[in-house]
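So you can see what is in the structure, the chains are spelled out below.
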Amino acid sequence: MPRLGVPSYHYGYEALHGMINGCPFADRCFTSFPCASASAAAFNRTLWWSVGKAQIDEMRGMYNTQHELTFGQKNHLVGLHIRGPQLNPQREPRWGRNDNSPGEDAYLEGQYGAMMVLGGQGGLPDGTYPFGDKRKALCEMKHFDAYSVEDGRNGKTDTFDISLKDLASYYFVPLRACVEIADVGAFMCSYNALNGTAACGNRWLNVEVARNTWNFSGVIESDCGAISGIQAHGNADSVTEAAIAAVRATVDVECDSAYSSTLLNSTNAGLVHRSSLENAAARVLKGRFQIGQFDPAAAGANTTTLPWDDLTDDDVFSESHQALSLEAAEQSAVLLRNPPAGAGVAHLPLHRGMHLAVIGPNGNVADVFQGQYHGSNCPGRPEAWNGSYDCLPTAYTAIRDANAGGKTTYHAGCALSPSASDGSGHPEGQPCTTLDDNMTGVLAAASEADVVLLFLGLDIKMTNKEGQDRAHNETGYALPGMQQALAKEIADKTETPVVVVVLSGMATGMDYIASQKNWPLLIGGYGGRYGPVALAKILFGDVSPTGRLPYTIYPELWAAHTDVRDMSLTGGDGRTYAWYHGKEKLPFAFGEGMTYTEFSVAVEVAAEDGAGAETTTMFAVRVTNTGSTAAQHTIMLFARRLPSSKAALDADLPWPLPNRQLFDFGRTTTMEPGDIQTITFAVRDRDVALADWDGSIKSYAGHYAIEFFDGGKVSVASMNYEVKETTIWSTLPAPPKP
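Here the structure is a predicted model, which is why all the values come from computation and not from measurement.

**Q** Explain the overall build of the protein chain residue by residue, including any values.
**A** Helix and strand counts for the protein chain come out as 20 helices and 28 strands. In terms of C-alpha radius of gyration, the protein chain reaches 26 Å, essentially the compact-globule figure of 27 Å for 738 residues. Projected onto the principal axes, the alpha-carbon positions of the protein chain cover approximately 80 × 70 × 50 Å. Counting the 738 residues in the protein chain, one finds 62% classified as buried.

**Q** Can you explain the packing of helix α8 (residues 239-248) against helix α9 (residues 258-268)? Please cite residues and give values.
**A** α9 packs onto α8 with a crossing angle of 85° between their chain directions and a minimal axis gap of 9 Å. As summarised for this structure, α8 and α9 are arranged roughly perpendicular, according to the angle between their axes. Here V239, T240, A243, I244, A246 and V247 of α8 come into contact with α9, specifically with A258, Y259, T262, L263 and S266. Class assignment of the residues belonging to the contact of α8 with α9 gives a composition of 8 nonpolar, 3 polar and no charged.

**Q** How would you summarise the sheet that holds strand β21 (residues 634-641) if you had to cite specific residues and measurements?
**A** Sheet architecture is open: 4 strands sit in the order β22-β21-β26-β27, paired in antiparallel fashion. At either margin of the open sheet sits one strand with a lone partner, and together these are β22 (661-667) and β27 (717-723). Strand after strand, the sheet turns through a mean of 25° between neighbouring axes, direction not considered. For β21 and strand β26 (residues 702-709), the ladder comprises 6 bridges, and the chain directions are antiparallel. Pairing of R640 across the sheet is with A705, part of β26.

**Q** Break down the sheet that holds strand β13 (residues 407-411) for me, with residues and values.
**A** Strand order in the open sheet formed by 6 strands is β11-β18-β17-β16-β12-β13, with mixed pairing between adjacent strands. For this open sheet the edge positions go to β11 (334-337) and β13, each flanked by a neighbour on one side alone. With direction set aside, neighbouring strand axes in the sheet form an average angle of 20°. Both strand β16 (residues 451-457) and strand β17 (residues 498-503) contribute to a ladder of 6 bridges, which runs parallel.

**Q** Residues and numbers for the state of the cysteines, please.
**A** Disulfide: a covalent bond connecting the sulfur atoms of a pair of cysteines. The full count for this structure, using the stated rule, is 5 disulfides. In this model, C378 is linked to C391 through a disulfide, with the two sulfur atoms separated by 2.1 Å. Taking the torsion about the sulfur-sulfur bond, which here is approximately -90°, the covalent link between C378 and C391 counts as left-handed. On the criterion of sequence distance, the pair formed by C378 in the loop between β12 (355-359) and α12 (395-402) and C391 in the loop between β12 and α12 is long-range, its members being 13 residues apart. Residue C378 is classed as buried on the basis of its relative accessible area, which comes to 1%.

**Q** Before we move on, can you summarise helix α13 (residues 439-448) with the specific residues and values?
**A** The set of residues buried in α13 consists of M439, G441, V442, L443, A445 and A446. On its buried side, α13 packs onto β12, β13, β15 (434-435), β16 and α15 (483-493).

**Q** I'd love a proper account of the environment of S276, names of residues and values included.
**A** Mapped onto the fold, S276 is located in helix α10 (residues 274-290). With relative accessibility at 23%, the residue S276 sits in the partly exposed group. Along the chain, S276 and D252 lie 24 residues apart, while their C-alpha atoms are 9.3 Å from each other.

**Q** How would you summarise the packing of aromatic side chains if you had to cite specific residues and measurements?
**A** Aromatic rings considered in pairs are described by the distance between their centres and by the relative angle of their planes. Using the criterion set out here, one finds 28 aromatic pairs in the structure. Taken together, a centroid distance of 6.3 Å and an interplanar angle of 40° make the contact between F172 and W204 tilted. Taken together, the positions of F172 in the loop between α4 (164-171) and α5 (173-182) and W204 in helix α6 (residues 203-213) put the pair 32 residues apart, joining distant regions of the chain. With a relative accessible area of 2%, F172 lands in the buried category. Residue classification places W204 among the buried residues on the basis of a relative accessible area of 8%. Centroid distance Y554 to Y580: 5.9 Å. Interplanar angle 40°. Geometry classified as tilted. Pair noted here: Y554 is in the loop between α17 (531-539) and α18 (557-561) and Y580 is in the loop between α19 (576-579) and β19 (599-609), with a separation of 26 residues, a long-range link. Judged by relative accessible area, which is 10%, Y580 ranks as buried. An aromatic cluster of three or more residues is present, and its members are F43, W48, Y107, Y112, Y577, F590, F638, F665 and F709. One cation-aromatic arrangement involves R45 over F665; the distance from NZ or CZ to the ring centre is 3.9 Å.

**Q** Can you explain the pattern of salt bridges? Please cite residues and give values.
**A** By the definition in use, this model includes 30 salt bridges. Residue E14 pairs with R83 through a salt bridge whose shortest N-O separation is 3.2 Å. Of this pair, E14 sits in strand β1 (residues 13-14) while R83 sits in strand β4 (residues 81-86), and the two are 69 residues apart along the sequence. Comparing E14 with R83 shows no difference in burial state: the two are buried. Between R83 and E221 there is a salt bridge, with its nearest N and O atoms 2.7 Å apart. Here R83, found in strand β4, pairs with E221, found in strand β10 (residues 219-222); they are 138 residues apart in sequence, far enough to count as distant. Relative accessible area serves as the criterion here: at 5%, R83 is assigned to the buried category. One salt-bridge network, held together by shared partners, links E14, R83, K142 and E221.

**Q** Talk me through the nonpolar core; I want residue IDs and the actual numbers.
**A** F144, F172 and L662 are the most contacted members of the largest nonpolar core, which has 86 residues in total. Considering each element in turn, this core owes the most residues, 8 residues, to helix α3 (residues 106-121). Residue contacts for F144: discarding those within four places in its chain leaves F172, L175, F187, M188, C189, S190, A199, L205, N206, V209, A210 and W214. A446, A507, L521 and A589 belong to the second-largest nonpolar core, a separate cluster that totals 42 residues.

**Q** Before we move on, can you summarise helix α2 (residues 45-64) with the specific residues and values?
**A** If you check α2, its first and last C-alpha atoms are 28 Å apart, about what 20 residues at 1.5 Å a residue would give, namely 28 Å. The buried fraction of α2 amounts to 16 of the 20 residues, a majority that puts the element mostly inside the structure. Capping the start of α2 is the job of one residue whose side-chain oxygen sits 3.1 Å from the backbone nitrogen of T46: N44. Immediately beyond the C-terminal end of α2, within one or two residues, lies Q66, with a positive phi of roughly 55°.

**Q** Describe the pairing of β17, with residues and values.
**A** Counting buried residues along β17, 6 of its 6 residues qualify, which places the element largely inside the surrounding structure. On β17, burial covers both faces: V498, V500 and V502 on one face and V499, V501 and L503 on the other are all buried. Where β17 meets strand β18 (residues 521-523), 3 bridges bridge the pair, whose relative direction is parallel. Along β18, the bridge assignment pairs V502 with I523.

**Q** Any details on the environment of L642? Residues and values, ideally.
**A** With respect to the secondary-structure elements, L642 resides in the loop between β21 and α20 (647-651). Between the C-alpha atoms of L642 and G702, which are 60 residues apart in sequence, the distance is 7.7 Å. The residues contacting L642, other than those within four sequence positions of it, are D650, H703, Y704, A705 and N720.

The rules we used
- Residues numbered from 1 in each chain as written.
- Predicted model: local features only at pLDDT ≥ 70, side-chain atom pairs only at ≥ 80, totals over all residues.
- Heavy atoms only, no water.
- Helix = DSSP H or I, 4+ residues; strand = E, 2+ residues; numbered from the N terminus.
- Rg over C-alpha atoms; globule rule 2.2 N^0.38 Å.
- Buried < 20%, exposed > 50% of the residue type's maximum accessible area, 1.4 Å probe, protein only.
- Axes fitted to C-alpha atoms, helices over the stretch in contact; angles between N-to-C directions.
- Parallel < 35°, antiparallel > 145°, perpendicular 65-115°, else oblique.
- Contact = heavy atoms within 4.5 Å.
- Nonpolar A, V, L, I, M, F, W, Y, C, P; charged D, E, K, R; others polar.
- Pairing = 2+ DSSP bridges.
- Disulfide = S-S within 2.5 Å.
- Phe/Tyr/Trp six-rings, centres within 6.5 Å; stacked < 30°, edge-to-face > 60°.
- Lys NZ or Arg CZ within 6 Å of the ring centre and 35° of its normal.
- Salt bridge = Lys/Arg side-chain N within 4 Å of Asp/Glu carboxyl O.
- Core = buried A, V, L, I, M, F, W, Y, C linked by side-chain atoms within 4.5 Å.
- Expected span 1.5 Å × (residues − 1).
- Polar contact = N/O pair within 3.5 Å; in protein donor to acceptor, adjacent residues only side chain to side chain.

As structure tokens, this is what we get:
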């Protein structure tokens, strides 16, 4: 609107783990960080805040220096409305976009999202904004809500019936945390329909819940094509009606053409109230004022009043951001098993100078570490998602370079189809569909080595991606192709010790791998640009792994019993560690993870303060590094309802109850051998609250176990906690009747 001095503004930038746009300079690109599913494994709020800050610092620096970036076929001046983080929990491991989401637990997702938003928007980790309403950028959490199926999305089959209990206890939790903790500036309504109404036309969801109950006052943007999708869901007879429904649901910005093609006529015809459009414009312009677009400093004045006004394009791919990316990758690796060294058994860390055979379909590719929604990494190459990766290390090259004085070889072990045309070197189609025609050579290389490093896993170019789930069956959940058969060949036909490294952004069935108790098992995740380097450092003991599994690895039979489209938390064999009730033992559960040292943990009640439901009990957790290696240590707190001696108390509970639920965690700084650190946790009645069937959150009178976990299969301590009176902490508005 030139008449009013309002310039054009682009909303389409994405930053889930670094900006996704192409390289803005001939010598450097935006910094690539680990995917959310990898970073979540750190259980480190400070790290998440730092990554959120760094990736938006780069974009703000570009904005301040008035750069243009390519988006689609057009160049746009850099905007500061940034899509991300994605906070739809990994309730279904076959979902195509799991690597974009920080794990299966709703509380973990909410903490991750809030820290990323605070860092990105200019807030502090304590939830405050030192400069009032001013923002470095506006982050957009997505997708609201209950989006976790790709196949058939934005159509009639993409509709899910979900109870108020499951919505309140799980699906709503991470997005609500972003509103209430971080004052997120925007969110994106999703493709799917919730209980019969498309999300972008769902007034109950967007207005009654988000705006009126959570006090969200920011911008709502549609997912791309989701307003038109309201018609596909059967909630409108035309695109015109779909656009009207979205306006009434307070969707302010479209990634669509429904508004631009119909709203003027609808307004002139009296079908849309002018006040609705004025309110949408006010919310949009408020955000642009918050980022300072109309401030004198942003218009070229010499006065700098905010810390982010000093950011420039020199902040793109800075040394400090590269170091942070490497640190994040190191903290994202999860060591699930590390048996004692013995005959035919490897033990991590490895020694340099060994003869190592890197084998497996993920052993010598670079793109697997990038995941989805990544930007370009190699200047002068094709851009964004289809970028080239030939400037990046692979696991094999990083290990080879780190293995000073040793010998490192590589064999795929599988018959791979021709290389993709994007320069990644990764094959098209499913990985490892048949074993290598030259298995004799592969087995000979394995036999000659001191240790086999078996690199298995997924890749978003082959098995899953936006718009494509993994197959909705048992086979789709397991490691694809012949990967476990390859592992069995090596086990059966050689005597060489094996270390397995799985690169995956989500839970993956691996029954055979899990059964091999003498094989160390490391989950590498999608670690971004420095993922291969971080893995090499961990394998050789330069740093200790410290990550904790952010999802549950189910037995493969789980997938045969559990329907992808069943959004109930208890359906089939149950979802997540909190609701799993299958007969088979879990191979590895949420929160598991080891280090290269030993820790002792002691817990005691430190203090109590307050009265009634607001009483706070302080627990002091004393952590001692009793081993011989420096490392950091994570403590997780779970609540579990205990049976009551009074039948009436149990009768009032919203059965079924979760097995246990995470409500807090903390992490030490690096501890040298012999060091002692204390982490203090505050526990209140609301921390043990449960969702009722009407969507209310209540702490029910009775006793609870506060269980302290540090990465093992059992708790290191359990303390009794009593709720003396039932208290309702929040409610949901009644949904419209069908």
